[in-house]
Amino acid sequence: VERWLATNSGIGSLKIDFTQTRRMRAVKVPVSQEGTLWLDYANHRFRWQTGEPAQTIVVSLGENILIIRPSGRKYEVRKAGSGSSPGMAALANGFPRTLPEFQRKYRVLETRSEANTRRIVTRPLGEAGRGVESLTFVVDAGHHRLLGLEMDLEDGSSVHTVFRQVETNVPVTLALFQPPVDGYTETKF
C-alpha cells in the first residue's frame, strides 16, 4: 500500500482514460464503456465521464454528486453513495495519497499477488462503503502504479475499471468540474 501511495506524491491532477465493464446478475452479457476520469487534488474536484460524446457525467459537489445524462438533458444531485451509484462516494474525493488518509477511507481485507500485479482488497468506510462489498486497487507489481479498480457490490453486480492511459499534472479548468445544466430537467435516475 505504501509503495503505491508513494507514486502519488507530487501529483496535483490526473487524467485517466479507462475501460469499464459492468456485470449484473440480471443481464447475461457484460456492459463495457470507455471513459475518462479527471482528479484535481489541489481543489478536491472529481469528474467521471463515460462515452464520447459524453453519455454520463458525474462530478463531486462536496458530500453530494451531480449526475448528468446529456442525451436526455437530465440531471440529478444526490448524496454520494446513495441510489444507483454505490461506490461512487469511494471515488469522488480521489485516490488517497498518504497512508493515514488511506486508513481513514478504507479497511484492508487482504492483499495478494497475481501475475504481475498486487491486489489491495478493501472495504470503503462510512457512507463511501454503502452498497460496496469490496473495492480492489490493482497495482503494477514492478512500478507500483495503479492499473485499475475492481468493485464488487452487495447486489451481486461488479464494476471492473482498467486504466488505459494515465496522465499526471495535466491542466484542468474549473469549467471541467462545473458542467452547465441550463435547459436540463432535474430528475431521479
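Notes on the structure follow. (Residues numbered from 1 in each chain as written. Predicted model: local features only at pLDDT ≥ 70, side-chain atom pairs only at ≥ 80, totals over all residues. Heavy atoms only, no water.)

Attention now moves to the side chain of T136. Counting through the fold element by element, T136 comes out in strand β9 (residues 132-140). According to the relative accessible area criterion, T136 is buried, its value standing at 4%. Those residues within four positions of T136 in sequence are excluded, and the remaining contacts are R119, I120, V121, G148, L149 and E150. (Helix = DSSP H or I, 4+ residues; strand = E, 2+ residues; numbered from the N terminus. Buried < 20%, exposed > 50% of the residue type's maximum accessible area, 1.4 Å probe, protein only. Contact = heavy atoms within 4.5 Å.)

Okay, the pattern of salt bridges next. Under the criterion given, the structure shown has 9 salt bridges. For R164, the salt bridge is made with E34, and the minimal N-O distance between the two is 3.9 Å. Placement of R164 in strand β11 (residues 158-168) and of E34 in strand β2 (residues 27-40) is noted, with a sequence separation of 130 residues between them. Its relative accessible area of 43% is what places R164 among the partly exposed residues. Accessibility expressed as a relative area gives 48% for E34, which makes it partly exposed. Put simply, E110 and R112 hold a salt bridge, and the shortest N to O gap is 3.1 Å. Shared partners join several salt bridges into a network, and the residues in it are E110, R112, E114, R119 and E150. (Salt bridge = Lys/Arg side-chain N within 4 Å of Asp/Glu carboxyl O.)

Attention now moves to the nonpolar core. In terms of nonpolar packing, the biggest core is built from 27 residues, with W4, L37, F95, F137 and L146 touching the most fellow members. Beyond its immediate sequence surroundings of up to four residues, L37 is in contact with L14, K15, I16, F18, F46, R47, W48 and F95. In this structure, V59, L66, I68 and Y75 belong to the second largest nonpolar core, which totals 6 residues. (Core = buried A, V, L, I, M, F, W, Y, C linked by side-chain atoms within 4.5 Å.)

Now for the side chain of E150. You can see E150 is positioned in strand β10 (residues 146-153). Within the local environment of E150, its side chain forms a polar contact with the side chain of R119, the two groups lying 2.9 Å apart. Setting aside residues no more than four positions away along its own chain, E150 makes contact with R119, S134, L135, T136, V138, V159 and H160. (Polar contact = N/O pair within 3.5 Å; in protein donor to acceptor, adjacent residues only side chain to side chain.)

On to the pairing of β9. The buried count for β9 comes to 8 of 9 residues, which makes it a mostly enclosed element. As paired elements, strand β8 (residues 117-124) and β9 share 6 bridges and run antiparallel to each other. Within the sheet, the bridge partner assigned to T117 lies in β9 and is D140. Looking at chain direction, β9 and β10 are connected through 7 bridges and run antiparallel. Note that in β10 the partner of V138 across the bridge is G148. (Pairing = 2+ DSSP bridges.)

With that settled, consider the pairing of strand β1 (residues 13-24). In this sheet, β2 lies alongside β1 in antiparallel orientation, the contact comprising 11 bridges. Bridge pairing links R22 to V31 in β2. Bridge count between β1 and β11: 10 bridges; the pairing is antiparallel. In the sheet register, D17 faces β11, and the bridge partner there is Q165.

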